[in-house]
Amino acid sequence: MQADSRNLIAVREPHDWTPDSWQRKAAVQQPSYPDAGALAVALADLRALPPLVTSWEVLALQRQLADAAEGRCFLLQGGDCAESFADCTSPLISNRLKVLLQMSLVLVHGLKLPVVRVGRFAGQYAKPRSTDTETRDGETLPSYRGDIVNAPEFTAAARQPDPRRLIEAHSKSALTMNFTRALIDGGFADLHHPEYWDLAWVEHSPLQDEYRHMVDSIGDSVRFMETLAGPIGSFGKVDFYTSHEALLLHYEQAATRQVPRQWGWFNLATHFPWIGMRTAQLDGAHVEYCRGIRNPVGLKVGPGVKPDTLLRTIDVLDPDNEPGRLTLIHRMGAAKIAAELPPLLQAVKAHGRNVLWCCDPMHGNTEALANGVKTRRFANIRAELDAAFDIHAAHGTRLGGVHLELTGENVTECLGGARDLAEGDLARAYKSTVDPRLNYEQSLELAMLIVRKCGNALATRATD
Ligand code: PEP
Ligand code: CO
């Protein structure tokens, strides 16, 4: 038994678990590497490299997620569906950070609550696929599984899984992390200068007035408080955490480390790994891997999951009902949430399970247009999020966060939003090789909608 330092609850070390015990279970969604020797060499190299995050940060995030579950803060988790190696560039990283910072400013201002910022980046390189192979014009090749595995071009060479990509993914994640940390530590996130986060292309956005008005009012408050209390230095810094889907288990295992003066094992490739919907089998390898690490863990919950299965999965992942340990990220789709979510909320509540509920309004709302292009309608994303707040309120549970796919670029991948993008607009700037993302304006609009929907209710409940 180990005592959790803040919550003083007894946490048991996981029984019969090792960083490689997942290998005794069925592991879906793994590539088949043609050369086992080359894979072993890459994994040995990975194990020798320094990690990306520290155990202190991981535990600090867990405490904040516990606060979010209690309504003392709100989780904003967002970023690309999948990062690509080519996108590890200065403008793409800083633009994504700007959007997340602006959204969090909208949320902090509107909800009157701190926001826990978690990026879907610095390691979000692996993608689950619905089929192992793809066939075009009679030729069948392995599916593209993300840049950490292979390349998207439809050639035999590009689609061959290459273990050296594991090392490149680690390096690109480290570069992303390094630049993100430098921006934040260097004052980029300073509340005195929200203009640093402006994105040039949105000067004429329909949302600019509302956003400007809010920034001005925050500026006034900061100046007012400084007049009373002197310079507020700590405003210069915000915390930023990283997350990715724990999909490619050899990679996750290589990042699983022990650290001095802490018991157990941490995944130090990310603060917050999550289990995707396609790999959430109760007796599968992904649940086995995640049950043993000390990081807070996310679990995607999609349509069709039965309350009993969910409760048993919670028992495996969080046997001690540890605050902040487990985030349930529901992604039902606008059409299904009203039928699918209530039984799960009731079961989890009735069993007194201490989870953080988070809504991913993206993955249940993906559709293909007649021309085969994948998109999402802003109206459906909004409808699912609206419904999620209402359903939680009706069941006496709390929606403590959102999980979004977004980018700081001026892409045209999701339909609708402030500029009412239409099907004909999608071709103009459709860049995603996987799921369609909200662009900057659509993301900011969603943050404003969250505030309008739940601002007062959340603030009142947090104090009662
Ligand atoms: C994702 O988050 O990119 C994803 C594939 O989600 P899900 O597992 O919920 O389908
Ligand atoms: Co996605």
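All values reported here derive from a predicted model rather than from experimental measurement.

Trainee: Pulling in residues and values, what's your account of the coordination of the cobalt ion (ligand 2)?
Mentor: By definition of the ideal shapes, four donors in a tetrahedron about a metal sit 109.5 degrees apart, and six donors in an octahedron sit 90 or 180 degrees apart. Here the cobalt ion (ligand 2) is held by C81 (SG), H363 (NE2), E405 (OE) and D435 (OD), and the distances to it run 2.1 to 2.4 Å. Ordering the donors of the cobalt ion (ligand 2) by residue number gives the pattern C-x281-H-x41-E-x29-D. Here E405 lies in strand β16 (residues 399–405) and H363 lies in the loop between β13 (356–359) and β14 (366–368), a separation of 42 residues in the sequence. Taken individually, H363 and E405 each receive the classification buried, so the pair is uniform in this respect.

Trainee: Explain the site of ligand 1 residue by residue, including any values.
Mentor: The local shell around ligand 1 consists of C81, R120, K127, P128, W274, G276, M277, R278, K300, R331, H363 and E405. Between an oxygen atom of ligand 1 and a main-chain N or O atom of M277, the distance comes to 2.7 Å. A distance of 2.8 Å separates an oxygen atom of ligand 1 from a polar side-chain atom of K300. Coverage of ligand 1 by the protein amounts to 98% of the 300 Å² it exposes when considered alone. Applying the majority rule of atoms within 2 Å of the grid points places ligand 1 in the largest pocket. For the shell around ligand 1, the per-class residue count stands at 4 nonpolar, 2 polar and 6 charged.

Trainee: Go over the side chain of T397, please, and point to the residues and values.
Mentor: For T397, the position within the fold is in the loop between α11 (378–395) and β16. For T397, a relative accessible area of 9% gives the class buried. In this structure the side chain of T397 is engaged in a polar contact, spanning 2.9 Å, whose partner is the side chain of H392.

Trainee: Requested: an account of the packing of helix α8 (residues 285–292) against helix α9 (residues 307–317), with residues and values cited.
Mentor: Put simply, α8 and α9 touch, their axes get as near as 8 Å, and they point 40 degrees apart. As the angle between them shows, α8 and α9 are arranged oblique. Residue-level contacts link V287, C290 and R291 of α8 to T313, V316 and L317 of α9.

Trainee: Can you tell me about helix α1 (residues 36–48), naming the residues and giving the values?
Mentor: The terminal C-alpha atoms of α1 lie 19 Å apart, and with 13 residues this matches the ideal 18 Å at 1.5 Å per residue to within 8%. Each element contacted by the buried residues of α1 is listed here: α5 (164–185), α7 (249–254) and β8 (256–257).

Trainee: For the sheet that holds strand β11 (residues 297–301), give the residues involved together with the corresponding values.
Mentor: Spatial strand order, β3-β4-β7-β10-β11-β12-β13-β16: 8 strands in a closed barrel with parallel pairing. Strand-to-strand, the axes of this sheet are offset by a mean angle of 25 degrees, without reference to chain direction. With 2 bridges connecting them, strand β10 (residues 272–275) and β11 associate as parallel partners. Its bridge partner lying in β11, I275 is registered against L299.

Trainee: Tell me about α11, residues and numbers included.
Mentor: Counted at 1.5 Å a residue, the expected span for α11 with its 18 residues is 26 Å, and the 26 Å between its end C-alpha atoms agrees. Among the residues of α11, those classed as buried are F378, I381, E384, L385, A388, F389, I391 and H392. Taken from the residues just after α11, G396 is the one with a positive phi, measuring 70 degrees.

Trainee: Which residues make up the layout of surface pockets, and what values do they have?
Mentor: What the largest pocket holds in volume is close to 690 Å³. If you tally residues by element for the lining of the largest pocket, the top one is strand β5 (residues 133–136), at 3 residues.

Trainee: Residues and numbers for the pairing of β5, please.
Mentor: In the sheet, β5 pairs with strand β6 (residues 139–142) via 4 bridges, with the strands oriented antiparallel. Note on β6: the bridge partner recorded for T135 is T140. The turn linking β5 back onto β6 is made up of 2 residues, and D137 within it adopts a positive phi angle of 45 degrees.

Trainee: Provide a residue-level description of the environment of H109, including the pertinent values.
Mentor: Among the secondary structure elements, H109 is positioned in helix α3 (residues 90–111). Between the C-alpha atoms of H109 and M214, which are 105 residues apart in sequence, the distance is 7.6 Å.

Trainee: Summarise unusual backbone geometry; cite the residues concerned and give the values.
Mentor: Here N321, not a glycine, exhibits a phi torsion of approximately 55 degrees, which is positive. Topologically, N321 is positioned in the loop between α9 and β12 (326–330). For D420, which is not glycine, the phi torsion reads 50 degrees and is therefore positive. Its location among the elements puts D420 in the loop between β16 and α12 (440–463).

Trainee: Pulling in residues and values, what's your account of the confidence of the model for the chain?
Mentor: Averaged over the chain, the pLDDT score is 90; the fraction of residues at 70 or greater is 90%. Taking the mean pLDDT of every element in the chain, the minimum, 55, falls on strand β1 (residues 2–3) and the maximum, 99, on β12.

About the cut-offs
- The residue numbering used here restarts from 1 in each chain and proceeds along that chain's sequence as written.
- The lettering of chains begins at A and the numbering of ligands begins at 1, in the order of writing.
- This being a predicted model, a pLDDT of at least 70 is required before a residue's local features are given, and a value of 80 or more before pairs of side-chain atoms are given or counted; all residues contribute to the totals for chains, interfaces and linings.
- Each side-chain value is derived from all of the structure's non-hydrogen atoms; neither hydrogens nor water enter the calculation.
- The rule for donors is simple: N, O or S, within 2.8 Å of the metal, or within 3.2 Å if the metal is Na, K or Ca. Water isn't counted, so a site may look like it is missing partners.
- A helix here means a DSSP run of H or I that spans at least four residues, while a strand means a run of E at least two residues long, and both kinds are numbered starting from the N terminus.
- The buried label goes to any residue with under 20% of its type's maximum accessible area, the exposed label to any with over 50%, and the partly exposed label to all in between, with areas taken from a 1.4 Å probe on protein chains only.
- Consider each residue's heavy atoms; a residue with any of them within 4 Å of a molecule or strand counts as near.
- Under this definition, polar contacts are N or O atom pairs within 3.5 Å; protein pairs additionally need one hydrogen-donor-capable and one acceptor-capable atom, and for neighbouring residues in sequence, both atoms have to be side-chain atoms.
- What sets the accessible areas is the Shrake-Rupley method with a 1.4 Å probe; for residues, cover comes only from the shown protein chains.
- Whether a set of points on the 1 Å grid over the protein atoms alone is a cavity depends on a 1.4 Å probe fitting there but being unable to get out, while an open set qualifies as a pocket with protein on both sides within 12 Å along at least five of seven lines; lining residues are those with an atom within 4 Å of a point.
- Just a note on the criterion: a molecule sits in a pocket or cavity if more than half of its atoms are within 2 Å of the grid points.
- Polarity classes work like this: nonpolar for Ala, Val, Leu, Ile, Met, Phe, Trp, Tyr, Cys and Pro, charged for Asp, Glu, Lys and Arg, and polar for all others, with Gly in that last group.
- For every element, the axis is a line fit to its C-alpha atoms; helices are fit only across the contacting stretch, and the angle between N-to-C directions ranges from 0 to 180 degrees.
- In these notes the angle categories are as follows: under 35 degrees is roughly parallel, over 145 is roughly antiparallel, 65 to 115 is roughly perpendicular, and the rest is oblique.
- In this description, contact between two residues means that some pair of their heavy atoms is separated by no more than 4.5 Å.
- Given a helix with a known number of residues, its expected span is that number minus one, times 1.5 Å.
- A pair of strands is considered paired only if DSSP assigns at least 2 bridges between the two.
- Grid points are joined across faces, edges and corners, and a volume is the space filled by probe spheres set on the points.
- In predicted models, pLDDT denotes the confidence assigned by the predictor to each residue on a 0 to 100 scale.

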